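Fold and geometry: a report
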Number of protein chains: 2
Amino acid sequence: MTDFEDYVRPYGLFSKIDAFGYLKDLQEHPDQPRKEGKVILVTADTPLKASRGEGKTTTTIALIDALRARGVDAAAVLRQPSMGITAAGSKGGASGGGKASLTHPELVDWGLCGEMAAIESAQNLLVSFAEKAVDEGRLDTVLVPRVSEVPSRSLRQIAVDRGKGNLSERTVLTPTCELMQIVVLSRSMEEIGQRVAAMVAGTLDGKPVRFGDFIDLWRITGILTDAVKPAYTETLQGSPVYVHCGPFANVSIGIPSLVSVQMACARHDVVIVEAGYGADAGAQKWLDIAAREYGAQWPAAAVVVTRATTWRDDPKLQWRYPFHVNRLESLGIPTFPMINLWEGEDGQAGQLRQTASDLGFRSPIMGNLFRDGGQALEDQLDGLIEALGAPAPADADTVSHHGMDVMDQICWIARSAYGVPGSRVVEKDGFAQSLEQARQLCTQVGVNLEDMTIVAVKSPATMTDDDTAPEDQRTVTLKKVEPHVGAGLLQVNLTTSLTTPMPKIV
Amino acid sequence: MTDFEDYVRPYGLFSKIDAFGYLKDLQEHPDQPRKEGKVILVTADTPLKASRGEGKTTTTIALIDALRARGVDAAAVLRQPSMGITAAGSKGGASGGGKASLTHPELVDWGLCGEMAAIESAQNLLVSFAEKAVDEGRLDTVLVPRVSEVPSRSLRQIAVDRGKGNLSERTVLTPTCELMQIVVLSRSMEEIGQRVAAMVAGTLDGKPVRFGDFIDLWRITGILTDAVKPAYTETLQGSPVYVHCGPFANVSIGIPSLVSVQMACARHDVVIVEAGYGADAGAQKWLDIAAREYGAQWPAAAVVVTRATTWRDDPKLQWRYPFHVNRLESLGIPTFPMINLWEGEDGQAGQLRQTASDLGFRSPIMGNLFRDGGQALEDQLDGLIEALGAPAPADADTVSHHGMDVMDQICWIARSAYGVPGSRVVEKDGFAQSLEQARQLCTQVGVNLEDMTIVAVKSPATMTDDDTAPEDQRTVTLKKVEPHVGAGLLQVNLTTSLTTPMPKIV
């Protein structure tokens with residue numbers, strides 16, 4: 001008899017769950033009862049700037065509270081926000097707000113479940129292993145970056161071994177690193193070990209060398225012992241919330257761990273997955289990476305959050321919100337506009353409904369969630385609940401893109417997620433060379449570039465080179481690629497990507 | 001009614017205890033029952049090299065198990081070992097061994113209570129705050145070092161802001177930093193905040209500037225929320241063990257947090273405190289820093305651990321072990337030699353007892369603790385238990401040295417802890433200047449150098465410039481000083497100190 005409680009342990013004010021163990025237990029006991037929860041994807045309009053959220057987490061929390069008040073067994077899965085970015089003041093936390101909050105927001109915001117810190121230590125230990133390999137003549141070039149959870153502007157560019165090697169390096173934020181991606185995508189500690197072993201540590205005489213060739217994997221998995229366990233907490237209303245892993249959405253894969261969602265689906269009828277920043281980042285990555293290539297569930301419905309102002313303020317950017325809603329609908333996903341009203345905006349509800357109607361949207365769900373929490377939404381969920389009850393459309397395009405030409409895959413993303421046709425996907429000088437280098441590196445370790453999954457690396461606030469340009473002039477420029485062989489991902493930098501996601505503190 | 005359990009929360013396979021809250025509660029309710037436990041200091045011979053422990057933690061665990069088997073309510077307080085050093089393979093863990101082990105040694109060794117990681121993040125956030133202060137013209141020189149829990153040889157010397165400022169920096173291991181000292185020495189979160197505010201961030205036009213002048217202290221204390229709580233675990237025999245904080249003994253203060261010991265003394269009749277490396281480091285620091293200056297308890301007894309070989313192998317170093325035992329006895333502390341026998345050494349017991357007798361020691365306590373655990377010791381504890389029952393000697397020299405001339409304080413340590421008289425305490429070129437600079441810096445922030453507590457920074461494996469020299473030729477050379485104003489400590493580097501405690505990984 002599989003007992004979920006055997007896999008749960010209190011962990012301060014939270015609990016942590018051995019999701020690997022629980023899911024293995026379910027797999028080994030196919031007769032055991034379990035749910036087959038449906039996923040609601042909560043995503044958002046493209047934000048006007050990276051530091052201004054639209055309220056995805058607040059919405060997610062209000063939405064489970066409201067669904068549960070309606071008798072639906074709903075839970076939410078959130079990403080762990082970057083403690084460093086919160087501590088640096090670059091961004092508020094990501095634990096909701098006001099009446100739509102978690103019970104212990106301070107713990108989520110301050111990283112106290114410890115997984116960011118463990119991933120930071122483990123990734124930095126990989127760098128130390130690589131240095132040792134250099135000393136031993138197994139490597140001459142290190143390719144894995146150091147990470148820091150706390151941002152520091154001067155770490156963007158550093159030289160290590162000053163006075164001797166004077167080696168140029170850069171330090172990136174922990175949520176951007178390959179090891180974070182591996183923890184998100186893996187379904188067992190063994191898979192984590194295999195993926196870490198497959199990571200390219202660096203090169204010797206131009207040839208790639210993998211970590212598996214020289215490290216003690218148990219030291220890495222030892223550090224990750226607790227980090228692989230999703231945290232469990234609750235909303236102020238007592239609704240269940242799982243929190244696990246926090247890769248950035250713009251420069252990484254932007255989704256919570258796959259096991260946290262899989263576990264939640266085995267436990268609840270409806271699972272709300274938050275994937276940010278905007279739909280062009282989080283939703284694109286949930287659909288094209290998690291669902292298409294890593295076996296995660298195709299959403300039964302989507303909610304696209306915006307604020308009354310974001311949606312309409314800048315005439316040149318007004319196209320983005322309808323683009324997101326229509327795109328998700330076109331994929332067969334019932335998509336609900338959600339407008340997170342701020343103080344003083346209640347009076348705009350009628351006008352917002354009219355605009356939504358003019359645009360052909362489903363009726364928008366609206367509320368001042370900070371002030372009223374889930375209660376504001378309870379009466380507006382008939383359509384969403386009905387959509388969840390419908391069978392999945394037969395024509396959902398979830399076929400893997402592996403094997404497809406890399407440029408075709410990139411153009412497919414540009415067209416479907418940013419609205420830019422392949423004819424306006426531009427290669428910057430050096431891109432072709434970068435792609436060729438990546439192909440050689442992958443070939444040398446026995447991996448087909450075409451079998452890797454594309455990760456768009458871009459600014460969170462833009463979808464194209466210039467979102468304010470007229471539709472037929474919008475372009476997407478490709479800058480360079482970087483394979484993350486262990487994670488199975490090919491990072492593709494677009495022109496608008498930030499090369500150093502290491503903000504100043506404020 | 002004060003209920004200890006109200007301050008305890010499960011934390012994975014451990015518990016964590018809100019020691020600040022519990023001790024405040026006891027203070028506010030003087031009629032509440034509490035124990036007044038006596039402290040046994042477990043220390044060791046000076047190790048032959050830093051990476052080879054004598055078995056202090058193993059001994060500590062065997063000793064509480066044996067005392068409890070004898071009906072004594074004993075507990076132990078251990079330091080958190082450096083996960084980075086363990087992961088790097090530079091050192092085994094510090095969770096005992098064999099039958100004298102903790103129930104979950106892997107958790108202690110892998111840092112899974114998270115306090116090292118939190119202290120690393122908080123100290124690095126201080127550096128980021130300092131950088132911001134440089135941008136804003138509040139500072140022109142940063143004096144706080146970055147820290148890393150994971151060692152990396154190339155971080156010993158780095159240049160940050162490469163290509164622009166090219167500022168020289170070094171990165172030190174987390175257990176060496178001032179913030180770790182502050183967490184060890186503080187008795188409330190308010191005290192931590194005050195001490196962080198008093199830390200010198202850097203200088204502007206040569207004048208020191210404190211963190212309190214420009215940072216949001218709540219961001220630092222927010223990160224430390226859980227890190228200030230001692231962890232609770234048990235030995236394989238079920239004896240209680242508290243684990244909290246891990247400053248290195250050779251380059252820092254080498255003791256567990258003061259609140260963890262104070263709390264354990266309120267809960268148990270006998271509290272074994274482990275303070276390493278050797279008596280010249282850990283015991284010196286417990287006595288002269290914790291007890292003399294920070295209100296910690298003077299030990300009722302001491303145990304000095306050695307191995308059958310360490311004690312006698314090198315004729316030129318044979319003086320060290322008797323020196324430690326005799327020194328502690330001379331302070332009025334009943335001191336018991338403890339010999340941790342390794343496999344094949346049982347037959348040496350008789351000879352070891354004879355040597356101990358020839359040296360005028362109390363009868364040594366001996367056993368193969370890895371193989372036999374506490375059971376090996378049960379019959380040998382009459383003397384120790386009797387000593388614990390005796391009243392404290394009236395002449396214990398626990399008077400504060402604050403106000404004493406700094407050179408006199410240093411000479412006092414050299415004489416009492418290393419056996420070198422003031423006439424052979426040598427100042428290296430530059431030392432006087434370093435001391436004068438420190439004095440100026442302290443004066444400028446309103447602190448008397450004479451009111452700071454001295455921390456000897458030295459190699460763990462030596463007490464003097466050359467321990468193999470004849471007694472009348474042994475010297476101690478002073479290299480430089482570094483004030484840690486927030487912690488109230490004046491670090492004094494001896495010639496044998498490692499300037500870069502950042503080992504290679506092995």
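Residues numbered from 1 in each chain as written. Chains lettered and ligands numbered in written order. Predicted model: local features only at pLDDT ≥ 70, side-chain atom pairs only at ≥ 80, totals over all residues. Heavy atoms only, no water.

Observations regarding the overall build of chain A
- Of regular secondary structure, chain A possesses 16 helices and 23 strands.
- In terms of overall dimensions, chain A is globule-like: its C-alpha atoms have a radius of gyration of 22 Å, near the 23 Å expected for 506 residues.
- The dimensions of chain A, computed from C-alpha atoms along their principal axes, are 70 × 60 × 45 Å.
- Within chain A, buried positions represent 63% of all 506 residues.
- Taking as baseline every contact in chain A between residues at least 6 positions apart, the subset at least 24 positions apart corresponds to 76%.
- Accessible surface computed for chain A: about 17,800 Å², of which carbon and sulfur atoms make up 49%.
- Of the side-chain charges in chain A, 48 are positive and 63 negative, and the distance between the mean point of each set is 4 Å. (Helix = DSSP H or I, 4+ residues; strand = E, 2+ residues; numbered from the N terminus. Rg over C-alpha atoms; globule rule 2.2 N^0.38 Å. Buried < 20%, exposed > 50% of the residue type's maximum accessible area, 1.4 Å probe, protein only. Contact = heavy atoms within 4.5 Å. Areas by Shrake-Rupley, 256 points an atom, 1.4 Å probe, with all protein chains shown as cover. Lys, Arg positive; Asp, Glu negative; His and termini not counted. Charge placed at Lys NZ, Arg CZ, Asp CG, Glu CD.)

Some words on the sheet that holds strand β10 (residues 167–169) of chain B
- Strands sit in the order β10(A)-β9(A)-β9(B)-β10(B) across an open sheet of four strands; the sheet is antiparallel. The sheet is open, and its two edges are formed by β10 (167–169) of chain A together with β10 of chain B, each paired on a single side. Averaged over all pairs of adjacent strands, the angle between strand axes in this sheet comes to 30°, irrespective of strand direction. (Pairing = 2+ DSSP bridges. Axes fitted to C-alpha atoms, helices over the stretch in contact; angles between N-to-C directions.)

Here we look at the nonpolar core
- The biggest cluster of nonpolar side chains holds 96 residues, and the ones touching the most others in it are B:Val196, B:Phe211, B:Phe214, B:Ile220, B:Leu224 and B:Trp286.
- At ten residues, helix α5 (residues 115–135) of chain B tops the list of elements feeding residues into this core.
- Excluding its chain neighbours within four sequence positions, the residues that come into contact with B:Val196 are B:Leu126, B:Leu179, B:Ile182, B:Phe211, B:Ile215, B:Leu217 and B:Ile220.
- Among the nonpolar cores identified, the runner-up in size contains 95 residues, and A:Phe129, A:Leu179, A:Val196 and A:Trp286 belong to it. (Core = buried A, V, L, I, M, F, W, Y, C linked by side-chain atoms within 4.5 Å.)

Quick notes on the packing of aromatic side chains
- Tallied over the full model, the rule gives 13 aromatic pairs over all chains.
- For the pair A:Trp319 and A:Phe323, a centre-to-centre distance of 5.9 Å together with 75° between the ring planes defines the contact as edge-to-face.
- For A:Trp319, a relative accessible area of 18% gives the class buried.
- Summarising the aromatic geometry, the rings of B:Phe211 and B:Phe214 are spaced 5.7 Å apart at their centres and angled 50° between planes, so their arrangement reads as tilted. Like B:Phe214, B:Phe211 is buried.
- Grouped by ring-pair contacts, the aromatic residues A:Phe4, A:Tyr7 and A:Tyr22 constitute a single cluster.
- Over the ring of A:Trp342 we find A:Arg307, and its NZ or CZ is 4.0 Å from the ring centre. (Phe/Tyr/Trp six-rings, centres within 6.5 Å; stacked < 30°, edge-to-face > 60°. Lys NZ or Arg CZ within 6 Å of the ring centre and 35° of its normal.)

Remarks on the sheet that holds strand β13 (residues 207–210) of chain B
Residues and elements named next belong to chain B.
- Spatial ordering of the open sheet is given by β7-β12-β13, a layout of three strands whose pairing is antiparallel. Each edge of the open sheet is held by one strand with a lone partner, namely β7 (141–142) and β13.
- With two bridges connecting them, β7 and strand β12 (residues 200–204) associate as antiparallel partners. Bridge pairing in β12 links Thr141 to Thr203.

Quick look at the pattern of salt bridges
Residue and element names in this part refer to chain A.
- Per the counting criterion, the structure on display carries 42 salt bridges over all chains.
- The partner of Glu329 in a salt bridge is Arg362, with the nearest N and O atoms 2.5 Å apart. Linking Glu329 in helix α11 (residues 320–330) with Arg362 in the loop between α12 (349–358) and β19 (365–367), this pair joins segments that are 33 residues apart in sequence.
- Residue classification places Glu329 among the partly exposed residues on the basis of a relative accessible area of 26%.
- Counted as one network, the salt bridges with shared partners bring together Lys35, Arg68, Asp73 and Asp269. (Salt bridge = Lys/Arg side-chain N within 4 Å of Asp/Glu carboxyl O.)

Side note on the relation of the copies chain A and chain B
- Placing chain A over chain B gives an RMSD of 0.0 Å and needs a rotation angle of 180°, together with 0.0 Å of translation along the axis. Interpreted geometrically, this transformation is the action of a two-fold axis. Closest approach to the rotation axis within chain A is made by the C-alpha atom of A:Tyr11, at a distance of 1.9 Å.
- Mapped onto chain B, 100% of the interface residues of chain A again fall at the interface, so both copies present the same surface. (Least-squares fit on C-alpha atoms with pLDDT ≥ 70 in both.)

Concerning the pairing of strand β13 (residues 207–210) of chain A
Residues and elements named next belong to chain A.
- In this sheet, β13 lies alongside strand β12 (residues 200–204) in antiparallel orientation, the contact comprising four bridges. Among the inter-strand pairings, Thr203 is bridged to a residue of β13, identified as Pro208.
- In textbook terms, the turn of a hairpin is the stretch between consecutive antiparallel strands, and for β12 and β13 this stretch comprises two residues, one of which, Asp205, has a positive phi near 50°.

Some points on the side chain of A:Arg474
Residues and elements named next belong to chain A.
- Note that Arg474 resides in the loop between β21 (453–457) and β22 (476–484).
- A polar contact of 3.0 Å, which involves the side chain of Arg474, links it to the backbone oxygen of Ala469.
- The contact partners of Arg474, leaving out residues within four places of it in the chain, are Trp319, Val420, Arg424, Thr464, Asp466, Asp467 and Ala469. (Polar contact = N/O pair within 3.5 Å; in protein donor to acceptor, adjacent residues only side chain to side chain.)

Looking at the domain arrangement of chain A
All names here are of chain A.
- By the assigned domains, chain A splits into domain 1 (4–114 + 227–389), domain 2 (115–223) and domain 3 (406–494).
- The distance between the C-alpha centroids of domain 1 and domain 3 comes to 27 Å.
- Listed as interface residues are 25 residues of domain 1 and, on the opposing side, 25 residues of domain 3.
- Considering only the side of domain 1, the residues that lose the most area to domain 3 are Asn250, Asp280 and Trp319, jointly responsible for 26% of the buried surface there.
- At the junction of domain 1 with domain 3, the criterion picks out two salt bridges.
- Here Arg320 and Asp467 are joined by a salt bridge, their closest N and O atoms 2.7 Å apart.
- Inspection of the domain 1/domain 3 interface yields nine residue pairs in polar contact (both at pLDDT 80 or more).
- Of all elements in the fold, only α10 (279–294) and α11 reach the threshold of two or more residues within the side of domain 1 that touches domain 3.
- Take the side of domain 1 that touches domain 3: its biggest share by element is eight residues, from α10.
- Class assignment of the residues belonging to the side of domain 1 that touches domain 3 gives a composition of eleven nonpolar, five polar and nine charged. (Domains from an automatic or database assignment. Buried area = accessible area lost by both parts, 1.4 Å probe. Nonpolar A, V, L, I, M, F, W, Y, C, P; charged D, E, K, R; others polar.)

Some remarks on the side chain of A:Arg210
Residue and element names in this part refer to chain A.
- Tracing the sequence through the fold places Arg210 in strand β13.
- Despite its burial, Arg210 pairs with no opposite charge; the closest candidate is Asp213, at 6.7 Å N-O.
- A distance of 3.1 Å separates the side chain of Arg210 from the backbone oxygen of Val445, its partner in a polar contact.

Section: the environment of B:Asp346
All names here are of chain B.
- Locating Asp346 in the fold gives a position in the loop between β18 (335–340) and α12 (349–358).
- The exposure class assigned to Asp346 is partly exposed, which follows from its relative accessible area of 36%.
- For the pair Asp346 and Thr57, spaced 289 residues apart in sequence, the C-alpha to C-alpha distance is 20 Å.
- Beyond its immediate chain neighbours, meaning those up to four positions away, Asp346 contacts Leu341 and Arg371.
- For Asp346, the side chain forms a polar contact with the side chain of Arg371, separated by 2.9 Å.

Notes on the interface of chain A and chain B
- Counting from both sides, the interface comprises 46 residues of chain A and, opposite them, 46 residues of chain B.
- Across the chain A to chain B interface the summed buried area is about 4,400 Å²; carbon plus sulfur atoms make up 56%.
- On the surface where chain A and chain B come into contact, there are zero salt bridges.
- Those elements giving two or more residues to the side of chain A that touches chain B turn out to be β1 (8–11), α3 (83–87), α5 (115–135), β9 (158–160), β10 and α8 (217–223) of chain A.
- No other element matches α5(A), which puts eleven residues into the side of chain A that touches chain B.
- By residue class, the composition of the side of chain A that touches chain B is 22 nonpolar, eleven polar and 13 charged.
- The pairing of β9(A) with strand β9 (residues 158–160) of chain B spans three bridges and is classified as antiparallel. Paired with A:Ala159 across the strands is B:Ala159, a residue of β9(B).

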